[in-house]
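For reference, the chains in residue letters:
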Amino acid sequence: MVLRTRRLWGALGAPPDARSGESAGREHRTAAAAAPVSHSLSPTVAPPTGIDLAPPVSASPQTPADRRPPVLSARDVSRAVGGRALFEGIALTLAEGDVLVVRGPSGAGKTLLLRQLGLLDPLTSGELACDGRSATDWGGPAWRARIATLPQGAPVLPGTPGELAARVAELENQREREREREREAPSPRALAAEWGLADAAWEELWSELSVGERQRAQLAVVLARRPRALLLDEPTSALDPTATAAVEHSLRGQTAVWVTHDRAQAERVSTTTLELGA
Amino acid sequence: MNGPIELGWGQLAIAASLVCVNGLVSLWLHLGLGRRLLIASLRTCVQLILLGYVLVAVFEWRSALGVGAIAAGMVLLAARESVRRAGRSYAGIGRDSLLSLALVGGATTVMATAVIVGVEPWWEPRYLIPFLGMVLGNGLTGISLGLERCLRELDEGRVRVEFLLAQGATRWEASRDVAADAVRGGMVPILNSMTVVGLVTIPGMMTGQLLGGISPLTAARYQILIMFLIASATAAGVTAVVLLSLRALFDEEHRLRIERVRRVRGG
């Protein structure tokens, strides 16, 4: 059993506006390392040298101190299954528009990490914060209205996508966010239309849609709420390259933790990477 | 009209011979029901005769405490029965069922004797015990169906529940459809019987009152009262038990804890 501690440096490259143009202008770094147990959150700590490391944070133009306020931060998050630690001491900080790509072999705990960050499983250790407020302070539902999770595998649900979108929009916590929002939330239909989903699909039963259609509709329902950070579990696994590119385009500027097996996609979308070992 | 014709043991023996016909059919068709039929018939005899003796004692005793004790025993048995054959279960299911049956059964029955009928004293066993019995008997069916449905929908529909939770739903928002479905499921039998009562079936209590020499119109009014009691108690009882079970299966951070649902073998 290998227990490895990962450190992530939230101090990331360009601000969201600078990043919205070419992906070539986006900064891409891998910040995963086998290291002694450390729970450091500080962006100024130099990363351990050696393994698969991009230039240290301090080399980045916006650093040493990235002053953008963190949207999502986590400290010392661990998860064990049946006495075996899948990951330990995970720390991360995402500022507005950052995308952390999580990679690793099957069974490495990628989905479980998302469930911890999304508070869908009880937090066994560590702390989470969104916009400077701890998860405990937010409380489960208010947290999940901000740090929303897109479930894996585009499951078949009862009813139609249209019903689901309406149900999500009328949740008390979503309505509260709506009131705080300056801009109006986009419509899920308009979003999904950009990804090639026919408008008629919204009135069909989930069970009659293909997995690719379900995946786009579910992502549209979730993304349309513009969560502060989005936890994505292989959101384009059933999409063709054209639809995938369109989805990636719509997700630009959306703060996210993104699990993907697709190395090329990881390079396109990530501002930082976390490798989980098996 | 006077009381009914006295029914003796000899006459019951003739009725028992009818059940023997069932036994013969079972043997002939190899249904393997003979043993169960025998046990069921014996249970019917023993339980009802015991009930007769207990009621004789309670009616003569006329003590509020005694009636209370009997009522408590009835509620306990009903609660146990309502969760016994469930295909899915969770720790505390018996407590939740007991709580709902006790509150709802007690409130409805006391309302009926004290306010509606106006019995003096309100705990008069001749009224209270049959009312309670009917409310509990139907309530437990409703509760057991409602629980069954609730746990199944949560278990099989957890993807949707979690999808809503993952977008910030509270446990009540996420399980609204499950709860509505479960309450509806628990209400089906009583709604059905309210629809066909008097057309297809003559209810047991009305039969008894007719045999007892009460005027059919009075008997009909009593039966209406009973149906209303049962319907309201079932609705309240199923709703209460569904809400209690949802409270038990979500945690304080509004997470679905589906691992708390236990599948019962053979269920």
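Residues numbered from 1 in each chain as written. Chains lettered and ligands numbered in written order. Predicted model: local features only at pLDDT ≥ 70, side-chain atom pairs only at ≥ 80, totals over all residues. Heavy atoms only, no water.

### As for the overall build of chain A
Point 1. Counting its secondary structure elements, chain A contains ten helices and nine strands.
Point 2. Buried residues in chain A amount to 55% of all 278 residues.
Point 3. The long-range fraction of contacts in chain A, counting pairs at least 24 apart against all pairs at least 6 apart in sequence, stands at 74%.
Point 4. Carbon and sulfur atoms make up 52% of the accessible area of chain A, which totals about 11600 Å². (Helix = DSSP H or I, 4+ residues; strand = E, 2+ residues; numbered from the N terminus. Buried < 20%, exposed > 50% of the residue type's maximum accessible area, 1.4 Å probe, protein only. Contact = heavy atoms within 4.5 Å. Areas by Shrake-Rupley, 256 points an atom, 1.4 Å probe, with all protein chains shown as cover.)

### Concerning the overall build of chain B
Point 1. Regarding its fold elements, chain B presents ten helices and two strands.
Point 2. For chain B, the α and β elements follow one another from N to C terminus as α-α-α-β-α-α-α-α-α-α-α-β.
Point 3. Counting every position in chain B, which comprises 267 residues, the buried fraction comes to 39%.
Point 4. Across chain B, every contact between residues at least 6 apart in sequence was considered, and the portion connecting residues at least 24 apart equals 74%.
Point 5. Element-wise, carbon and sulfur atoms account for 67% of the exposed surface of chain B, whose accessible area totals about 15100 Å².

### Observations regarding the pairing of strand β8 (residues 256-259) of chain A
Residues and elements named next belong to chain A.
Point 1. Neither face of β8 is exposed, since Ala256 and Trp258 on one face and Val257 and Val259 on the opposite face are all buried.
Point 2. Note that strand β3 (residues 99-103) and β8 share four bridges and pair parallel. If you follow Val101 over to β8, its bridge partner there is Trp258.
Point 3. As defined by bridge partners, strand β7 (residues 229-233) adjoins β8 across four bridges and the pair is classed as parallel. Looking at the pairing, Leu231 lines up with Val257 of β8.
Point 4. Running through helix α9 (residues 241-250), the crossover from β7 to the neighbouring parallel element β8 is right-handed. (Pairing = 2+ DSSP bridges. Right-handed = clockwise from strand over helix to strand, strands pointing away.)

### Some points on the interface of chain A and chain B
For interface size, the figure often reported is the accessible area lost on association.
Point 1. Listed per partner, the contact involves 29 residues of chain A and 19 residues of chain B.
Point 2. Here chain A and chain B share an interface that buries about 2100 Å² over both sides, 57% of which is from carbon and sulfur atoms.
Point 3. Mapped by element, the contributors of at least two residues to the side of chain A that touches chain B are α4 (140-146), β6 (147-150), α5 (161-169), α6 (172-180) and α8 (211-223) of chain A.
Point 4. Of the residues forming the side of chain A that touches chain B, the biggest block, four residues, is contributed by α4 of chain A.
Point 5. Classifying every residue of the side of chain A that touches chain B by side-chain character gives 17 nonpolar, six polar and six charged. (Buried area = accessible area lost by both parts, 1.4 Å probe. Nonpolar A, V, L, I, M, F, W, Y, C, P; charged D, E, K, R; others polar.)

### Observations regarding the sheet that holds β7 of chain A
Residue and element names in this part refer to chain A.
Point 1. Reading across from one edge, β6-β7-β8-β3-β9 is the order of the five strands in this open sheet, with parallel pairing throughout. Every interior strand has two partners, whereas the edge strands, β6 and β9 (272-275), have only one. With direction set aside, neighbouring strand axes in the sheet form an average angle of 20°.
Point 2. Together, β3, β6, β7, β8 and β9 form the strand contacts of helix α2 (residues 110-117), whose direction differs from that of β7 by roughly 155°.
Point 3. Against the sheet, α8 makes contact with β6 and β7, and its axis sits at roughly 175° relative to β6, the strand it touches most. (Axes fitted to C-alpha atoms, helices over the stretch in contact; angles between N-to-C directions.)

### Description of the sheet that holds strand β2 (residues 84-95) of chain A
Point 1. Spatial strand order, β2-β1-β4-β5 (chain A): four strands in an open sheet with antiparallel pairing. Pairing within the sheet leaves two strands with one partner each, and these edge strands are β2 and β5 (133-134) of chain A.

### Let's talk about α8 of chain A
Each full turn of the α-helix corresponds to 3.6 residues, which orients residues three or four apart in the same direction.
Point 1. Between its first and last C-alpha, α8 of chain A extends 18 Å over 13 residues, near the 18 Å set by a 1.5 Å rise per residue.
Point 2. The element α8 of chain A is extensively covered by neighbouring structure, given that eleven of its 13 residues are classed as buried.
Point 3. If you check which residues of α8 of chain A are buried, you get Gly212, Arg214, Gln215, Arg216, Ala217, Gln218, Leu219, Ala220, Val221, Val222 and Leu223 of chain A.
Point 4. Structurally, α8 of chain A contributes buried residues whose contacts are with β6, α5, α7 (188-194), β7 and α9 of chain A together with α6 (158-165) of chain B. (Expected span 1.5 Å × (residues − 1).)

### Points about a nonpolar patch on the surface
Residue and element names in this part refer to chain B.
Point 1. Taken together, the side chains of Val21, Val25, Trp28, Leu29, Leu31 and Leu33 present a nonpolar region at the surface, about 590 Å² in accessible area.
Point 2. Among the secondary structure elements, Trp28 is positioned in helix α1 (residues 9-28).
Point 3. With relative accessibility at 68%, the residue Trp28 sits in the exposed group. (Patch = residues over 30% accessible without salt bridge, like charges linked within 9 Å, V, L, I, M, F, W, Y side chains within 5 Å. Salt bridge = Lys/Arg side-chain N within 4 Å of Asp/Glu carboxyl O.)

### Description of the nonpolar core
Point 1. Counting residues in hydrophobic clusters, the biggest one holds 71 residues, and the most contacted among them are Leu230 of chain A together with Leu154 of chain B.
Point 2. A total of eight residues in this core trace back to one element, the largest contributor, which is helix α5 (residues 125-156) of chain B.
Point 3. Once you skip the residues sitting within four places of it in the chain, Leu230 of chain A turns out to touch Ala148, Leu219, Val222, Leu223, Leu251, Gln254, Thr255, Ala256 and Val257 of chain A.
Point 4. Counting residues in each nonpolar core, the second largest holds 28 residues, with Val102, Leu114, Trp138 and Leu274 of chain A among its members. (Core = buried A, V, L, I, M, F, W, Y, C linked by side-chain atoms within 4.5 Å.)

### Comments concerning the pattern of salt bridges
Residues and elements named next belong to chain A.
Point 1. Inspection of the entire model under this criterion finds 32 salt bridges over all chains.
Point 2. Between Arg268 and Glu248 there is a salt bridge, and its shortest N-O distance comes to 2.7 Å. Within this pair, whereas Arg268 is found in helix α10 (residues 263-269), its partner Glu248 is found in helix α9, the two being separated by 20 residues in sequence.
Point 3. The exposure class assigned to Arg268 is partly exposed, which follows from its relative accessible area of 36%.

### Brief notes about α2 of chain A
Residue and element names in this part refer to chain A.
Point 1. α2 sits mainly inside the fold: six of its eight residues count as buried.
Point 2. Along α2, the residues classified as buried are Lys110, Leu113, Leu114, Arg115, Gln116 and Leu117.
Point 3. Looking one or two places after α2, you find Leu119, whose phi comes out positive at around 55°.

### Describing the packing of aromatic side chains
We describe a pair of aromatic rings using the distance from one ring centre to the other and the angle between the two ring planes.
Point 1. Tallying each qualifying case throughout the model produces one aromatic pair over all chains.
Point 2. Judged by centre distance (6.4 Å) and plane angle (75°), the ring pair of Tyr127 of chain B and Phe131 of chain B falls under edge-to-face. With Tyr127 of chain B and Phe131 of chain B both in helix α5, this residue pair falls four residues apart, about one helical turn.
Point 3. One residue, Arg133 of chain A, lies across the ring of Trp138 of chain A, its end atom 4.4 Å from the ring centre. (Phe/Tyr/Trp six-rings, centres within 6.5 Å; stacked < 30°, edge-to-face > 60°. Lys NZ or Arg CZ within 6 Å of the ring centre and 35° of its normal.)

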